[in-house]
Amino acid sequence: MSDLLTPHETKAEAYFCPSCGAPVEVPTVLFGGPTPVICSACSWTGTHVQLAAYPFKHGFADDDAIVEAMATDLRNVLAKTAAQTYGSFLLKWGFLDQPIRAEQLGAYISAISRAVLKTVIETRRVIVEEKARERIRKSE
Ligand SMILES: [Zn+2]
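Residues numbered from 1 in each chain as written. Predicted model: local features only at pLDDT ≥ 70, side-chain atom pairs only at ≥ 80, totals over all residues.

Any details on the overall build of the chain? Residues and values, ideally.
Across its full length, the chain carries three helices and four strands. Overall, the chain shows an N-to-C arrangement of helices and strands of β-β-β-β-α-α-α. Relative to the globule expectation of 14 Å for 140 residues, the C-alpha radius of gyration of the chain, 20 Å, shows a markedly less compact shape. Counting only C-alpha atoms and orienting by the principal axes, one finds that the chain spans roughly 60 × 45 × 25 Å. Looking at the chain as a whole, 9% of its 140 residues qualify as buried. (Helix = DSSP H or I, 4+ residues; strand = E, 2+ residues; numbered from the N terminus. Rg over C-alpha atoms; globule rule 2.2 N^0.38 Å. Buried ≥ 20, exposed ≤ 12 C-beta atoms within 10 Å, placed from the backbone.)

Pasting the structure below:
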């Protein structure tokens, strides 16, 4: 992989468990020596330097910018396709004042988007860990 970055690219690394291959979360800022890590898929323990690192490039300033872009994208999808449905629900259960104000509904749609995105990311993690455990079971 080339180390050349265009002005809109950021270098990043994904880390994987040396035992089962599942992605492992490593603290964003590493100070000093090796940081202890535990694989939540297979319970392997070690330090971050023992993980398999996969360098890649992306078009965002940092990880937070990626999450922010996904949240904005999802908020736009929900605003376009489901604002009326959520609006009716929120009104029915007393979360929205009448007359409905766009900025109030927008705040709920934004909060719903963030909650959904958090769950989607968590679900993805669970699926990837389950696949890693399945690989381990098949190799035993
Ligand atoms: Zn593992």
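Give me the domain arrangement of the chain: which residues, what numbers.
Entries for the chain in the domain assignment read domain 1 (1–59) and domain 2 (61–140). Relative placement of domain 1 and domain 2: their C-alpha centres are 26 Å apart. Of the residues lining the interface, 10 residues belong to domain 1; the matching set on domain 2 comes to 10 residues. Residue composition of the side of domain 1 that touches domain 2, by class: five nonpolar, five polar and no charged. (Domains from an automatic or database assignment. Contact = placed C-beta atoms within 7 Å. Nonpolar A, V, L, I, M, F, W, Y, C, P; charged D, E, K, R; others polar.)

Can you tell me about the packing of helix 2 (residues 83–92) against helix 3 (residues 102–139), naming the residues and giving the values?
Relative orientation of the contacting elements helix 2 and helix 3 amounts to 105°, with a least axis distance of 10 Å. As judged from the angle between their axes, helix 2 and helix 3 are roughly perpendicular. Judged by residue contacts, A83, Y86, G87 and L90 of helix 2 engage L105, Y108, I109 and I112 from helix 3. Broken down by class, the residue content of the contact of helix 2 with helix 3 amounts to seven nonpolar, one polar and no charged. (Axes fitted to C-alpha atoms, helices over the stretch in contact; angles between N-to-C directions. Parallel < 35°, antiparallel > 145°, perpendicular 65-115°, else oblique.)

Which residues make up the packing of helix 1 (residues 63–81) against helix 3, and what are the values?
At their nearest, the axes of helix 1 and helix 3 sit 9 Å apart, and the two run at 125° to each other. Relative to helix 3, helix 1 is oriented oblique. For the pair helix 1 and helix 3, the crossing hand works out as right-handed. Of helix 3, the residues touching helix 1 (which contributes M70, A71, L74, R75, L78 and A79) are I109, S110, I112, S113, R114, V116 and L117. Tallied by class, residues from the contact of helix 1 with helix 3 come to nine nonpolar, two polar and two charged. (Left-handed = near helix turned anticlockwise from the far one by under 90°.)

Explain the pairing of strand 4 (residues 52–58) residue by residue, including any values.
Among the seven residues that make up strand 4, zero are buried, leaving the element largely open to the surroundings. Two strands pair when backbone bridges link them, and strand 1 (residues 10–16) and strand 4 are joined in this way by seven bridges, in the antiparallel orientation. Looking across to strand 4, one finds that Y15 is bridged to A53. (Pairing = 2+ DSSP bridges.)

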